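# A structural walkthrough
So the chains spell out like this:
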Amino acid sequence: MFLRDKLHNLYIPGFPILMESFYIQEQLLKRYLPKLYHHLTDLGLSSDIYSTRWYITLFSGGVVRYHTLLRIWDVYFLCGYDIFFFVAIALLKSYESE
């Protein structure tokens, strides 16, 4: 896991994978949830403010229920790190109406 997906780059100084994750999440949010993207941008909220814990803990920091986390990790082991971007967008979609 650490070697395949280079997860060590998620935790080294400068957090290169974390910064890349924020950028990708912002682009996906802009494309698939434009109203929410503009709302968050108008409020001055960028991905790093609300999703750091998601990526640093690989969504295990109380973000989703335990059985949901197991399903997310199952797909992660099968498909790789990119699944976390889809999970982030799905989480944001679930709160879009609020």
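Structure report, in brief. The model shown is predicted, which means the values in this text are computed figures rather than measured ones. (Residues numbered from 1 in each chain as written. Predicted model: local features only at pLDDT ≥ 70, side-chain atom pairs only at ≥ 80, totals over all residues. Heavy atoms only, no water.)

### Regarding the pattern of salt bridges
A side chain of one charge can pair with a side chain of the opposite charge when the charged atoms of the two come close. The tally for this structure, following the rule as stated, stands at 3 salt bridges. Residue Asp5 is joined to Arg4 by a salt bridge in which the shortest nitrogen-to-oxygen separation is 3.0 Å. A relative accessible area of 16% places Asp5 in the buried class. Owing to a relative accessible area of 45%, Arg4 belongs among the partly exposed residues under this scheme. (Salt bridge = Lys/Arg side-chain N within 4 Å of Asp/Glu carboxyl O. Buried < 20%, exposed > 50% of the residue type's maximum accessible area, 1.4 Å probe, protein only.)

### Notes on unusual backbone geometry
Although it is not a glycine, Leu58 sits at a positive phi angle of roughly 55 degrees. In this fold, Leu58 is placed in the loop between helix 3 (47–56) and helix 4 (66–79). (Helix = DSSP H or I, 4+ residues; strand = E, 2+ residues; numbered from the N terminus.)

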